[in-house]
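A closer look at the structure
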Amino acid sequence: MATPPLLNEHVGNAAVLTFNDPDRRNPIGASLRGALTQALMEIETDSSVRAIILTGAGGNFCSGGDIAAMDAPMRDKRINFQEVKHLANQITGASVPVIAAVEGWAAGAGLSIAMMCDTVIATQSARFLSAFTKIGLMPDYGLLTSLPARIGHARARQMMLYAKPVDAPTALTWGMVDDLVEDGGARAAALDLAQHIETLGPEALRAIKAFDSGRLDRAIDYERDVQPQLLSSANAQEGRAAFFEKRPPKFRPN
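The paragraphs below set out a description of the structure included in this document. (Residues numbered from 1 in each chain as written. Predicted model: local features only at pLDDT ≥ 70, side-chain atom pairs only at ≥ 80, totals over all residues. Heavy atoms only, no water.)

**Concerning the overall build of the protein**
Along its length, the protein carries ten helices and nine strands. Here the C-alpha atoms of the protein give a radius of gyration of 17 Å, agreeing with the 18 Å that 2.2 N^0.38 yields for 254 residues. With respect to the three principal axes, the spread of C-alpha positions in the protein is 55 × 40 × 35 Å. Considering the protein as a whole, with its 254 residues, one finds that 49% of them fall into the buried category. In the protein, 75% of the contacts between residues at least 6 apart in sequence involve partners at least 24 apart. For the protein, the exposed surface amounts to about 12100 Å²; the carbon and sulfur share of it is 54%. Each charge class in the protein can be summarised by its mean position, and for the 25 positive and 28 negative side chains these summaries are 9 Å apart. (Helix = DSSP H or I, 4+ residues; strand = E, 2+ residues; numbered from the N terminus. Rg over C-alpha atoms; globule rule 2.2 N^0.38 Å. Buried < 20%, exposed > 50% of the residue type's maximum accessible area, 1.4 Å probe, protein only. Contact = heavy atoms within 4.5 Å. Areas by Shrake-Rupley, 256 points an atom, 1.4 Å probe, with all protein chains shown as cover. Lys, Arg positive; Asp, Glu negative; His and termini not counted. Charge placed at Lys NZ, Arg CZ, Asp CG, Glu CD.)

In structure tokens:
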């Protein structure tokens, strides 16, 4: 049997959704995106769920987009961004708090997904990276909006332009992370927070979250228009080749 891209379990009052491709550090591609969209849709109809926890298997949160799938035709790339927009609205517009439990790497689209969440709990050894420019791309999954909202425009711009990793203590200081725990403890801390949510009024939480819903739409619309062109560029093709060949890319000036 094929390994499922997403593990979906209920623990107490929480729906725990685990990205499940640990050998590749849990990249997000069409299969994971589809499974996550379906799971979130089902959760919205389950009144017993008071919190959603997103995490990754095998000691990493998510390494980013599935680079092996980035050579799709232009038409398919545009369809993908409609799917991304829908998924982003499901996460940011969920009727219950969404918690990212981050171990290891949250890079590229993995960083973007973490930044969509209401709360980010990370371990001491977690690392955060806006990796897009390393492969000739711009940030996507709404990071152009969500990262500045958390850490300010100046710091976000540096992260997105220069693709340098940020360690967990620095991320906590900047506001990228809300709580820092010992290695191996992110899921347990997220479950503790989910239990605390039981003491809070669900309608009040829903009202707070609804005020901020849809804020990523403009950023993702921009990504939809620009990113497909970048994905098809010679420099992006070189960036992907360099990634798989484990060498520095040789980008050509425009």
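**Overview of the sheet that holds strand S8 (residues 166–167)**
Pairing is mixed across the open sheet formed by three strands, whose spatial order is S5-S7-S8. Each edge of the open sheet carries a strand with a single partner, namely strand S5 (105–107) and S8. Bridge count between strand S7 (residues 127–129) and S8: two bridges; the pairing is antiparallel. Looking at the pairing, Phe128 lines up with Val166 of S8. Along the sheet, helix H3 (residues 109–116) makes contact with S5 and S7, crossing S5 at roughly 95°. (Pairing = 2+ DSSP bridges. Axes fitted to C-alpha atoms, helices over the stretch in contact; angles between N-to-C directions.)

**As for the pattern of salt bridges**
All told, the structure shown has eleven salt bridges when counted by the stated rule. In this structure, the salt-bridge partner of Glu83 is Arg33, at a minimum N-O distance of 3.2 Å. Of this pair, Glu83 sits in helix H2 (residues 74–92) while Arg33 sits in helix H1 (residues 30–43); the two residues are 50 residues apart in sequence, bridging distant segments of the chain. Note on Glu83: relative accessible area 34%, which makes it partly exposed. Arg50 is the partner of Glu198 in a salt bridge, and the nearest nitrogen-oxygen pair spans 3.6 Å. Separated by 148 residues along the polypeptide, Glu198 in the loop between helix H7 (186–197) and helix H8 (202–211) and Arg50 in the loop between H1 and strand S3 (51–56) bring together distant segments of the chain. A relative accessible area of 12% places Arg50 in the buried class. (Salt bridge = Lys/Arg side-chain N within 4 Å of Asp/Glu carboxyl O.)

**Quick word on the sheet that holds S3**
With mixed pairing, the six strands of this open sheet are ordered in space as S1-S2-S3-S4-S6-S9. Lying at the two open borders of the sheet, with one neighbouring strand each, are strand S1 (6–11) and strand S9 (179–181). Ignoring which end each strand starts from, the neighbouring axes of this sheet average 20° apart. Here six bridges tie S1 to strand S2 (residues 14–19), and the two strands are oriented antiparallel to one another. Along S2, the bridge assignment pairs Leu7 with Thr18. Seen against the sheet, H1 touches S1, S2 and S3 and runs at an angle of roughly 175° to S2.

**Description of the nonpolar core**
Core analysis: the largest hydrophobic core is formed by 56 residues, its most contacted members being Ile52, Leu54, Phe61, Val102, Phe128 and Met176. The element contributing the most residues to this core is H3, with six residues. Of all hydrophobic cores here, the second largest spans 15 residues; its members include Ala101, Ala189, Ala190 and Ala194. (Core = buried A, V, L, I, M, F, W, Y, C linked by side-chain atoms within 4.5 Å.)

**Some remarks on the pairing of S2**
Among the six residues of S2, six are classified as buried, and the element is accordingly described as predominantly covered. By the alternation rule, side chains of S2 split into Ala14, Val16 and Thr18 and Ala15, Leu17 and Phe19, which are all buried. Linkage of S1 to S2, two consecutive antiparallel strands, is achieved through a turn of two residues, within which Gly12 is found at a positive phi near 60°. In this region the chain leaves S2, passes through H1 and returns to the parallel neighbour S3; the handedness of that crossover is right-handed. (Right-handed = clockwise from strand over helix to strand, strands pointing away.)

**Some thoughts on helix H9 (residues 217–231)**
Here H9 is 15 residues long and its end C-alpha atoms lie 20 Å apart, about the 21 Å a rise of 1.5 Å per residue gives. Along its length, H9 reaches its greatest deviation from straightness, about 35°, at Arg224, and the proline Pro228 lies no more than four positions downstream. (Expected span 1.5 Å × (residues − 1). Bend = angle between axes of the 7 residues up to and from the residue.)

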